[in-house]
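These are the residues of each chain, in order.
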Amino acid sequence: MKQLTIRGLGNELGRAIHRLANRDGTSLNRAAVKLLRRGAGLEDGPGANTVGSSLDHLIGSWSDAEADEFEQALRHFEAIDEAMWE
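Residues numbered from 1 in each chain as written. Predicted model: local features only at pLDDT ≥ 70, side-chain atom pairs only at ≥ 80, totals over all residues. Heavy atoms only, no water.

S.K.: Before we go on, may I ask you to explain the overall build of the protein in this structure?
M.R.: Broken down by element type, the protein carries three helices and zero strands. Going from the N terminus to the C terminus, the protein shows its helices and strands as α-α-α. Evaluated residue by residue, the protein yields a buried proportion of 9% over its 86 residues. When contacts within the protein are restricted to residue pairs at least 6 apart in sequence, long-range pairs at least 24 apart make up 19% of them. Of the accessible surface of the protein, which amounts to about 7,700 Å², a share of 54% is contributed by carbon and sulfur atoms. (Helix = DSSP H or I, 4+ residues; strand = E, 2+ residues; numbered from the N terminus. Buried < 20%, exposed > 50% of the residue type's maximum accessible area, 1.4 Å probe, protein only. Contact = heavy atoms within 4.5 Å. Areas by Shrake-Rupley, 256 points an atom, 1.4 Å probe, with all protein chains shown as cover.)

In structure tokens form, the structure reads like this:
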């Protein structure tokens, strides 16, 4: 399985994922996978990480203005086309 959407994490688990990501200087996805593997009793050794790190250097690299510009560019994707759901 390469991708999974998880709903209902709750505030406490969400904060734990954020804390781990901040502590390790990594992405939320990588932190969530680490916590899942730990909870499942799986090793954290070599080959255990199936999430690539090639984009890690971009984490936190945008200015607030760049992030705002990006979010503005994506706003039209948030619109729901009611006709598509009929």
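S.K.: Mind showing me how you'd approach the side chain of Thr26 here?
M.R.: One can find Thr26 in the loop between helix 1 (10-24) and helix 2 (28-39). With residues up to four places along the chain from it excluded, the contact list for Thr26 reads Ala21, Ala31, Asp56 and Ile59.

S.K.: What is the right way to look at the environment of Val33 in this model?
M.R.: Looking at where Val33 falls in the secondary structure, it is placed in helix 2. Among the residues examined, Val33 registers a relative accessible area of 21% and is labelled partly exposed. Along the primary structure Val33 and Ile17 are separated by 16 residues, whereas in three dimensions their C-alpha atoms are 9.4 Å apart.

S.K.: What should I look at first to understand a negative patch on the surface in this one?
M.R.: Judged by side-chain charge, Asp64, Asp68, Glu71 and Glu78 come together as a negatively charged surface patch. Relative accessible area serves as the criterion here: at 61%, Glu78 is assigned to the exposed category. (Patch = residues over 30% accessible without salt bridge, like charges linked within 9 Å, V, L, I, M, F, W, Y side chains within 5 Å. Salt bridge = Lys/Arg side-chain N within 4 Å of Asp/Glu carboxyl O. Lys, Arg positive; Asp, Glu negative; His and termini not counted. Charge placed at Lys NZ, Arg CZ, Asp CG, Glu CD.)

S.K.: Would you take a moment to explain the packing of helix 1 against helix 2 for this structure?
M.R.: A pair of packed helices is captured by two measures, namely the crossing angle of their axes and the spacing between those axes. Closest axis-to-axis distance for the helix 1/helix 2 pair is 8 Å, and the angle between their directions is 110°. Classified by the interaxial angle, the pair formed by helix 1 and helix 2 is roughly perpendicular. Once helix 1 is placed against helix 2, the crossing between them reads as right-handed. Between helix 1, through Ala16, Ile17, His18, Leu20, Ala21, Arg23 and Asp24, and helix 2, the contact on the second element is made entirely by Leu28, Ala31, Ala32, Lys34 and Leu35. Of the residues in the contact of helix 1 with helix 2, the class split is eight nonpolar, one polar and three charged. (Axes fitted to C-alpha atoms, helices over the stretch in contact; angles between N-to-C directions. Parallel < 35°, antiparallel > 145°, perpendicular 65-115°, else oblique. Left-handed = near helix turned anticlockwise from the far one by under 90°. Nonpolar A, V, L, I, M, F, W, Y, C, P; charged D, E, K, R; others polar.)

S.K.: How should the pattern of salt bridges be read in this particular structure?
M.R.: In a structure, side chains of opposite charge can pair up when their charged atoms sit close to one another. By the definition in use, this model includes two salt bridges. One salt bridge connects Lys34 with Asp24, and the closest N-O pair in it is separated by 3.1 Å. Residue Lys34 is located in helix 2, and its partner Asp24 is located in helix 1; the two are separated by ten residues in the primary sequence. Residue class for Lys34 comes out partly exposed when judged on its relative accessible area of 25%. Here the residues in one salt-bridge network are Arg23, Asp24 and Lys34, joined through shared partners.

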